[in-house]
Every structure is written in C-alpha cells, then in structure tokens.
Amino acid sequence: MKRALYPGSFDPITNGHLDVIYRAAELFEEIVVAVAVNDSKCPLFSAQERAELVYQSLHKGIHPVRVLILEGLLAEFAWKNQIQVVIRGLRAVSDFEFEFQMALMNRHLCPKLETVFLTPQEDYTYLSSRLVKEVALLGGDVSRFVSAAVATRLKKIYAQRK
Ligand code: ADP
C-alpha cells in the first residue's frame, strides 16, 4: 500500500495545506499528516491543538487521512512506519531552496525516501500560516483562507488579546 507522509508545522492549517492534502489523496491510498512539534519556531498553537485543527478542517468522507504529532526526525519516523514518500507543497520559487535542501537531507538520512512536490490551486499560492496569523491577530477576516474551525479559533485568540 502506498502511504504518503505530509509533514509541516500547520500553525494553523490553511486552505493551501488542505488543497495539497486533497491532491495527495488522489494519488496515494493513505495520507499521514504529521504535525511537527517545532518548539524552536515558537508556534501560536500547541502541537495537540494544531493536530486537532487539522482533523477538524478535513472534509469528512475523503479516504484515509491520519493526523499525528511528529517529534524527532522525519526520516526516522518514515522509515519506522515503512513510508517511502514525503509530500511537500511548493508555492513559488521562494519555497524551492529550502524544500530542495530538505529533500536532499532526508534522502541522505534515508536513501529510499522520495519527496513529491505538489502545487496548490493558484488562489492559494500566496497563502501562508504566518500571513493568516498576522491578519487574524490584527482583526482581519481570514474566513476565505482557512476552515471554519481555524477561523473561529483565531477569532477567539484575537478577542482574548484585545
Ligand atoms: P514547515 O514549517 O514544515 O514549512 P508549513 O506548515 O509552513 O510547515 O508547511 C508545510 C508544507 O506545506 C510545506 O511544504 C509548505 O511549502 C507547504 N505549504 C504551506 N502553505 C502552502 C500553500 N498555501 N499551498 C501549498 N503548500 C503550502
């Protein structure tokens, strides 16, 4: 069975991430969304909250998507779980250098691991979790860019900070 791993910070998940997940679901039998703890990035949401938001944002009824929290090395996790494919999203040339380095490092750590890049629908190419947080925390409407669950959660944080 071809399973694919989609790792990321998902702080929080956006419609761009969801677009990538749905595209990947057309190509693979199971998608494992791995929410990286990434404490060094000082995420707005805890890993548990980010994973819950991923889960709540997914359309129900799409074929198996598992959501879990990833601590430690991605390559090691993939190897232990017999996953050979890592999915990453490419929005623009600016993503390329980092993604390329990471793909080659992961291949170095686990030679059988292949990285597959998917490009979202054009409308989402400018979308990032960072931008969504900035807009939301300044009181802007982000409901076109994220699921209802994420928009509600961001609104709550904005209200608490006001
Ligand atoms: P990371 O900290 O690992 O980069 P992100 O959550 O920012 O985590 O991104 C995870 C993956 O999703 C990356 O490959 C990133 O390029 C991709 N991605 C982020 N936003 C979008 C988007 N709007 N469209 C397509 N891919 C995206």
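Details of the structure are given in the entry above.
The shown structure was predicted, so the numbers you read here are calculated from the model rather than taken from an experiment.

S.K.: Please clarify how the overall build of the protein chain should be interpreted in this entry.
M.R.: In terms of regular secondary structure, the protein chain is built from six helices and five strands. What you see in the protein chain, going N to C, is helices and strands ordered as β-α-β-α-β-α-β-α-β-α-α. Since a compact globule built from 162 residues should have a radius of gyration of about 15 Å, the 16 Å found for the protein chain is in line with a globular shape. The principal-axis extents of the C-alpha atoms in the protein chain amount to approximately 50 × 35 × 30 Å. Sorting the 162 residues of the protein chain into buried and exposed places 47% on the buried side. Taking contacts inside the protein chain between residues at least 6 apart in sequence as the whole, the part at least 24 apart equals 75%. For the protein chain, the computed accessible surface area is about 9400 Å², with 54% contributed by carbon and sulfur atoms. Each charge class in the protein chain can be summarised by its mean position, and for the 20 positive and 18 negative side chains these summaries are 4 Å apart.

S.K.: Explanation requested: the layout of surface pockets in the structure shown.
M.R.: Space left empty within the atom packing is revealed by a probe, the size of a water molecule, rolled over the atoms. Approximately 1100 Å³ is the volume found for the largest pocket. In terms of lining, the largest pocket is formed by 40 residues, of which the most central are Gly8, Ser9, Lys41, Arg88 and Phe98. Of all the secondary structure elements, the ones that give two or more residues to the lining of the largest pocket are strand E1 (3-8), helix H1 (15-27), helix H3 (74-80), strand E4 (85-89), helix H4 (93-109) and helix H5 (129-137). With eight residues, H4 is the single largest residue contributor to the lining of the largest pocket.

S.K.: Looking at this structure, I do not really get the packing of H5 against helix H6 (residues 148-161). What am I missing?
M.R.: Describing two packed helices takes the angle between their axes plus the distance from one axis to the other. Contact pair H5 / H6: the axes reach a minimum separation of 9 Å and the direction vectors enclose 45°. In this view, H5 runs oblique relative to H6, as classed from their interaxial angle. The hand of the H5/H6 crossing is right-handed. Within the contact between the two elements, H5 uses Val132, Ala136 and Leu137 and H6 uses Leu154, Ile157, Tyr158 and Arg161.

S.K.: What is the right way to look at unusual backbone geometry in this model?
M.R.: Going from Asp11 to Pro12, the amide bond is cis rather than trans, its omega being 0°. One non-glycine residue, Phe10, lies in the positive phi region at around 50°. Among the structural elements, Phe10 can be located in the loop between E1 and H1. According to the relative accessible area criterion, Phe10 is buried, its value standing at 2%. Positive phi is not limited to glycine here, since Gln82 has a value of about 50°. Summarising the element assignment, Gln82 is placed in the loop between H3 and E4. A residue is classified by how much of its surface remains accessible, and Gln82, at 69% relative accessible area, is exposed.

What counts, and at which threshold
- Residues numbered from 1 in each chain as written.
- Predicted model: local features only at pLDDT ≥ 70, side-chain atom pairs only at ≥ 80, totals over all residues.
- Heavy atoms only, no water.
- Helix = DSSP H or I, 4+ residues; strand = E, 2+ residues; numbered from the N terminus.
- Rg over C-alpha atoms; globule rule 2.2 N^0.38 Å.
- Buried < 20%, exposed > 50% of the residue type's maximum accessible area, 1.4 Å probe, protein only.
- Contact = heavy atoms within 4.5 Å.
- Areas by Shrake-Rupley, 256 points an atom, 1.4 Å probe, with all protein chains shown as cover.
- Lys, Arg positive; Asp, Glu negative; His and termini not counted.
- Charge placed at Lys NZ, Arg CZ, Asp CG, Glu CD.
- 1 Å grid on protein atoms, 1.4 Å probe; cavity = no way out; pocket = protein on both sides within 12 Å on 5 of 7 lines; lining within 4 Å.
- Points joined across faces, edges and corners; volume = space filled by probe spheres on them.
- Axes fitted to C-alpha atoms, helices over the stretch in contact; angles between N-to-C directions.
- Parallel < 35°, antiparallel > 145°, perpendicular 65-115°, else oblique.
- Left-handed = near helix turned anticlockwise from the far one by under 90°.

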